[in-house]
Amino acid sequence: MTSHNDDLIPKYVEVTEELRKGHYDVQVPLHEGDDISILGESLQNLAHDLEHRYSQISETDKITTNINQGFLLEDILESVYKEFKQFIPYDRIGFALLEQHGRILRAFWSKSEFEETKIKKGYAGLMSESSLKNIIETGVPRIINDLEEYYHNKPTSHSSRLAVEEGIRSSLTCPLISNGVAVGFMFFSSREKNTYAEVHIATYQRIVRQLSIILEKGRLVSELSDQKNTIEKKNEELKRLDELKNVFLGIAAHDLRNPISSIRGIAEMMLDERFELTNEEKKEFLSDIYDQSNFMLNLLNDLLDITTIESGKFLLNIVPIQSDEYFEQILERHLKLAEPKETNIIIENVDKGLINADVARFRQIVDNLISNAVKFSPPKSTIKIRVLLREPYWKIEVQDEGPGITEKDREKLFQDFAKLSAQPTGGEKSTGLGLSIVRKIVNAHGGKIGVDSEPGHGATFWFTIPVKPKV
Ligand SMILES: Nc1ncnc2c1ncn2[C@@H]1O[C@H](COP(=O)(O)OP(=O)(O)O)[C@@H](O)[C@H]1O
Ligand SMILES: [Mg+2]
């Protein structure tokens, strides 16, 4: 051992101290040829190695720290797209997840520099027919640096065809691993040939564990937030139904009490032997009882109807209805009902064809609109019905010569319990539920309802029903 080499030892001790402190950028003094210098050389190599690893770790750390700031899966994926750019080149990133115990692979997110993406969210394929199986089995990412050539050799690959059509020329396909199990894939794609190399695989391998954990976190948080939204929506719905229930109780208390007391009054009188009622009088009282109970029954039916519709247990049984025959029958019935008022009802036009609707519910719509027209119009007026085929809808119109609908009433018209400015003109009863029920039925069929009216000049109520029934 020569004396100048002895000087090196304290220096090397110093260097190891520096390395221990995490200062990797050190210069190790070297002399040619002896054992001490060999030690020095390996110390220098170690320093370079540590520096390199340190920069890799801080690189991964930077990526994962940034993407971990997102909570929702969407945010995390967006920042994956942004952050990975510095370390792996791509024009597009895609994620796909395995479903049904790994049998099916479904695309669930992608982002791209170019507009058109052929492999859309939801795109799914069988794993058994996919070359990706191999990647899962080995856990090793796959590089394809000439996708056109790859597709040429494997023309049955549907996803390769889509990728080539999209302009992609190289791809790096990496397995996503969660808790040691492959859960899906991350695809890096570039429009340039020969984009990917081992170094990109190495970068990905360093990140994959943390990435998978962050993705899992995002998935859970997103799920929770979806659930929260659903619960909030349900809550609102419950609140609305509760309010509706209160309104119902109010109605029941008010609108049912009056007829019941009046029926009771009449019955009391008829039972009281001090009154000697003529047959004529008895008949009048009975017919009064009949009217009042009719009203109550209708009201109860309407209330039950609204409850059924609101509860979501409202199923339509759609069948084809022959338009012209059907409206002939409707006309006949309503002409009889409108006899006391001498209302004239005519079918101005009926396009022939099949209307696909639930017969009972469809009749409820038409009956309501025609009976309203009769009820709110002066006696001896004319009501016109038009049944029009206006692809893709049937449009049915009921035009009357009543008071029309004021601007103010128009907003409330189709809401529950809308008793508005127009009053029945022949002593008919009103609950304000008819149009609201009608609207719900029309909507359930996939149609719309509305009214055209110039106050003072009558109203034309119309509704549409899709020609092709809503599925
Ligand atoms: N053809 C019409 N012309 C004028 N007003 C109408 C017409 N149809 C309905 N209305 C108004 O809309 C309100 C709500 O109608 P509806 O829901 O059918 O309840 P109801 O027939 O029991 O009053 C009616 O009370 C009336 O004021
Ligand atoms: Mg009505």
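Because the structure is a prediction, the values reported are computed rather than measured.

Conventions and cut-offs
Residues numbered from 1 in each chain as written. Chains lettered and ligands numbered in written order. Predicted model: local features only at pLDDT ≥ 70, side-chain atom pairs only at ≥ 80, totals over all residues. Heavy atoms only, no water. Helix = DSSP H or I, 4+ residues; strand = E, 2+ residues; numbered from the N terminus. Rg over C-alpha atoms; globule rule 2.2 N^0.38 Å. Buried < 20%, exposed > 50% of the residue type's maximum accessible area, 1.4 Å probe, protein only. Contact = heavy atoms within 4.5 Å. Areas by Shrake-Rupley, 256 points an atom, 1.4 Å probe, with all protein chains shown as cover. Expected span 1.5 Å × (residues − 1). Bend = angle between axes of the 7 residues up to and from the residue. Phe/Tyr/Trp six-rings, centres within 6.5 Å; stacked < 30°, edge-to-face > 60°. Lys NZ or Arg CZ within 6 Å of the ring centre and 35° of its normal. Near = heavy atom within 4 Å. Polar contact = N/O pair within 3.5 Å; in protein donor to acceptor, adjacent residues only side chain to side chain. Nonpolar A, V, L, I, M, F, W, Y, C, P; charged D, E, K, R; others polar. Pairing = 2+ DSSP bridges. Core = buried A, V, L, I, M, F, W, Y, C linked by side-chain atoms within 4.5 Å. Domains from an automatic or database assignment. Axes fitted to C-alpha atoms, helices over the stretch in contact; angles between N-to-C directions. Left-handed = near helix turned anticlockwise from the far one by under 90°.

Engineer: Kindly report on the overall build of the chain, identifying the contributing residues and their values.
Structural biologist: Looking only at helices and strands, the chain has 12 helices and 13 strands in total. In summary, the chain has a C-alpha radius of gyration of 40 Å against a globular reference of 23 Å for 471 residues, an excess of more than 25%. By principal-axis analysis of the C-alpha atoms, the chain measures approximately 145 × 55 × 40 Å. Sorting the 471 residues of the chain into buried and exposed places 40% on the buried side. The contacts of the chain with a sequence gap of at least 6 include a subset with a gap of at least 24, amounting to 65%. Carbon together with sulfur atoms contributes 53% to the accessible area of the chain, which is approximately 27800 Å² in total.

Engineer: Could you give me a rundown of helix α7 (residues 198–271), with the residues and numbers involved?
Structural biologist: For α7, with 74 residues, the first-to-last C-alpha span of 103 Å sits near the 110 Å given by 1.5 Å per residue. Roughly 50 degrees is the biggest bend found in α7, and it falls at Val 208.

Engineer: With reference to specific residues and values, describe the packing of aromatic side chains.
Structural biologist: The way to describe two aromatic rings as a pair is by their centre distance and the angle between their planes. Considering all chains together, one arrives at 13 aromatic pairs under this definition. Of note, Lys 395 hangs over the ring of Trp 462, and the distance from its end group to the ring centre comes to 5.0 Å.

Engineer: Quick rundown of the site of ligand 1? Include the residues and the values.
Structural biologist: Close to ligand 1 lie 19 residues, the nearest being Asp 400, Ser 430, Thr 431, Gly 432 and Leu 435. Here Asn 372 contributes a side-chain N or O atom positioned 2.8 Å from an oxygen atom of ligand 1. With respect to ligand 1, the side chain of Lys 375 contributes an N or O atom lying 3.0 Å from an oxygen atom. For ligand 1, whose accessible area on its own is 530 Å², the fraction buried by protein is 97%. Counting residues per element, the ones that place at least two in the shell around ligand 1 are α10 (359–376) and α12 (434–444). Here the element with the most residues in the shell around ligand 1 is α10; it accounts for four residues. Taken together, the residues of the shell around ligand 1 break down into 10 nonpolar, six polar and three charged.

Engineer: Give me the lowdown on the pairing of strand β2 (residues 104–112), citing residues and values where you can.
Structural biologist: A regular strand carries its side chains on alternate faces of the sheet. Direction of pairing for strand β1 (residues 92–99) relative to β2: antiparallel, over a ladder of eight bridges. Note on β2: the bridge partner recorded for Glu 99 is Ile 104. Taken together, β1 and the strand that follows it, β2, pair antiparallel across an intervening segment of four residues, in which Gln 100 is found at a positive phi of about 50 degrees. Bridging between β2 and strand β3 (residues 124–126) involves three bridges; their strand directions are antiparallel. Bridging across to β3, Leu 105 finds its partner in Gly 125.

Engineer: Now, about the nonpolar core: what can you tell me, with residues and values included?
Structural biologist: Grouped together as the largest cluster of nonpolar side chains are 55 residues, with contacts concentrated most on Phe 327, Ile 355, Phe 362, Phe 461 and Phe 463. Looking at this core, you find at least three residues from each of domain 3 (234–310) and domain 4 (318–466). Those residues within four positions of Phe 362 in sequence are excluded, and the remaining contacts are Ile 321, Tyr 326, Phe 327, Ile 355, Ala 357, Ile 396, Phe 463 and Ile 465. Listed in part, the 28 residues of the second largest apolar core include Val 80, Tyr 81, Ile 88 and Met 186.

Engineer: Which residues make up the sheet that holds β1, and what values do they have?
Structural biologist: If you walk across this open sheet you meet the six strands as β3-β2-β1-β6-β5-β4, and the pairing is antiparallel. The sheet terminates laterally at β3 and β4 (142–144), the two strands that pair on one side only. Neighbouring strand axes in the sheet, compared pairwise and without regard to direction, differ in orientation by 25 degrees on average. Sheet topology places β1 next to strand β6 (residues 181–190); six bridges connect them, and they run antiparallel. Within β6, the position partnered with Leu 97 by the bridge is Gly 184. Against the sheet, helix α3 (residues 73–84) engages β1, β2 and β6, with an angle of about 60 degrees to β2.

Engineer: Explain the environment of Thr 425 to me, and be specific about the residues and the numbers.
Structural biologist: Tracing the chain through its elements places Thr 425 in the loop between α11 (407–412) and α12. Under the relative-accessibility criterion, Thr 425 is labelled partly exposed at 35%. C-alpha of Thr 425 to C-alpha of Val 374: the two residues are 51 residues apart in sequence and 8.6 Å apart in space. A distance of 2.6 Å separates a polar side-chain atom of Thr 425 from the backbone oxygen of Ser 377.

Engineer: Which residues make up the packing of α10 against α12, and what values go with them?
Structural biologist: Interaxial distance between α10 and α12 falls to 9 Å at its minimum, and their mutual angle equals 145 degrees. In this structure, α10 meets α12 at a crossing whose hand is left-handed. Seen from α10, the contacting residues are Arg 361, Gln 364, Ile 365, Asn 368, Leu 369 and Asn 372; seen from α12, they are Gly 434, Leu 435, Ile 437, Val 438, Ile 441 and Val 442. Here the residues of the contact of α10 with α12 sort into seven nonpolar, four polar and one charged.

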